[in-house]
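Here are the chains, one letter per residue:
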Amino acid sequence: MRVTSITPMKNEGPYILEWVAHNRAIGINDMHVFTNDCTDGTDLILERLDEMGLLRHLPNPSLMKPNPRHHIALIHYANHMARLRRSDWVTNLDADEFLRVNTGKGTIQDLADALPEADCISLSLHTFGCGWEEEIAPGGKLVTETFTHRGPSDSGRNPVKYLASGSFPWVKFGNNAPVVAPEDVARVNWVNGSGTQLSRERVAEPFKGMPARESGFDLVEVAHYTIRSYQGFLLQRDRGSANPVKGQPEAELDLEEALKYWRRFNKNDVKDESFAALPGLRDAVEELLKDAELRSLHEAALAWHRNRAQELLQKPDYRELHDTIRGLPEDTRARA
């Protein structure tokens, strides 16, 4: 079974090996990663992984555009790849998204066996907060070991990603959901993460999320580590948007927008250790690090991120952002 994933990346160096090892462990065996404007060695790490036969690394086609919308350009480009239509399953996962299967031995094959009639499975996201961690990769821990607090499952609206059958005649594969033609709406078997079929009204139009009552986490879910630590969040804002607004300098920090984003994604309401590193995941990462070149690149990227965080903390606007998020009432109460 071939499971193809499409992923854009920029400056994710310290986190790549865990993400790759996790994906391989659950059965994503055809990873395609597209990068743009990396300054931390992300592209070099991916090149080495490509040379080792573990994924495919390509430049994002957005680099050819005068006003790049990196994520949007990649989605358009990927839909011209014949490989997607020839794969058993297709997904679009970011570098901070970890898919978890809760049936069988935890592989996508087990999920497919549990839902043999499904053409598409919507994967609801659990958003994990900073867990009151200050540093990047504290103590050398993995992301899935470090962040164990998330938002609730049963309220509000949950973002979604998907696993879609490559053979179904989709109009196109999207970021959050594939697009189905009007004439195929009645026959597509589209379920949520608990295996419950979604309504025709839900799947008739593209959607990015679902109300909690329609979401499902029993068979499969996704952990979204969007902000990671306090210092990691500074690096995220420094990196810029994957879809920058025309005419807006990417390097310019918008404090109000950054705080709005932080409040939206820093969810630490529920302690959840079920996403803690898969059995054998740390060993799998260590196995990758046995490659001397890959270890050197990984360590250089981690050092770059930690050094860059210290540089940002010397800038008044980033220092203000850091001190503000550290001092928000919900964070100080939780740390007490």
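Structure report, in brief. (Residues numbered from 1 in each chain as written. Predicted model: local features only at pLDDT ≥ 70, side-chain atom pairs only at ≥ 80, totals over all residues. Heavy atoms only, no water.)

## Section: the nonpolar core
The criterion, for reference: In this text, buried Ala, Val, Leu, Ile, Met, Phe, Trp, Tyr and Cys residues form a nonpolar core when linked through side-chain atoms within 4.5 Å. Only protein chains enter the accessibility calculation, which uses a 1.4 Å probe; a residue whose area is less than 20% of its type maximum is buried, one above 50% is exposed, and one in between is partly exposed. Helical segments are the DSSP runs of H or I of at least four residues, strand segments are the runs of E of at least two, and each set is numbered from the N terminus.
In terms of nonpolar packing, the biggest core is built from 71 residues, with Leu49, Leu99, Ile121 and Leu163 touching the most fellow members. Counting residues per element, this core draws most heavily on helix α11 (residues 292-313), at 7 residues. Within the second largest apolar cluster, 23 residues are counted, among which are Ile6, Leu84, Phe168 and Val203.

## Some thoughts on the packing of aromatic side chains
Threshold: Side-chain rings of Phe, Tyr and Trp (the six-membered ring for Trp) are treated as a pair once their centres are within 6.5 Å; stacked means planes under 30 degrees apart, edge-to-face means over 60, and tilted covers the remaining angles. Should the NZ of a Lys or the CZ of an Arg lie within 6 Å of a ring centre and within 35 degrees of the ring normal, that charge is described as sitting over the ring.
Counted by the stated rule, this structure contains 12 aromatic pairs. Measuring from centroid to centroid gives 5.4 Å for Phe128 and Phe275, while their planes differ by 85°, and the two rings are edge-to-face. A residue pair is termed long-range when its members are at least 10 positions apart, and Phe128 in the loop between β6 (120-127) and α6 (143-146) and Phe275 in the loop between β12 (270-271) and α10 (281-288) qualify at 147 residues. With relative accessibility at 5%, the residue Phe275 sits in the buried group. With a centroid separation of 4.6 Å and 50° between ring planes, the pair formed by Phe168 and Trp170 is classed as tilted. Neither residue differs from the other here; Phe168 and Trp170 are each classed as buried. Lying across the ring of Phe207, Arg202 places its NZ or CZ 5.7 Å from the centre. Of note, Arg237 hangs over the ring of Tyr261, and the distance from its end group to the ring centre comes to 4.9 Å.

Honestly, it's all geometry; don't read function into it.
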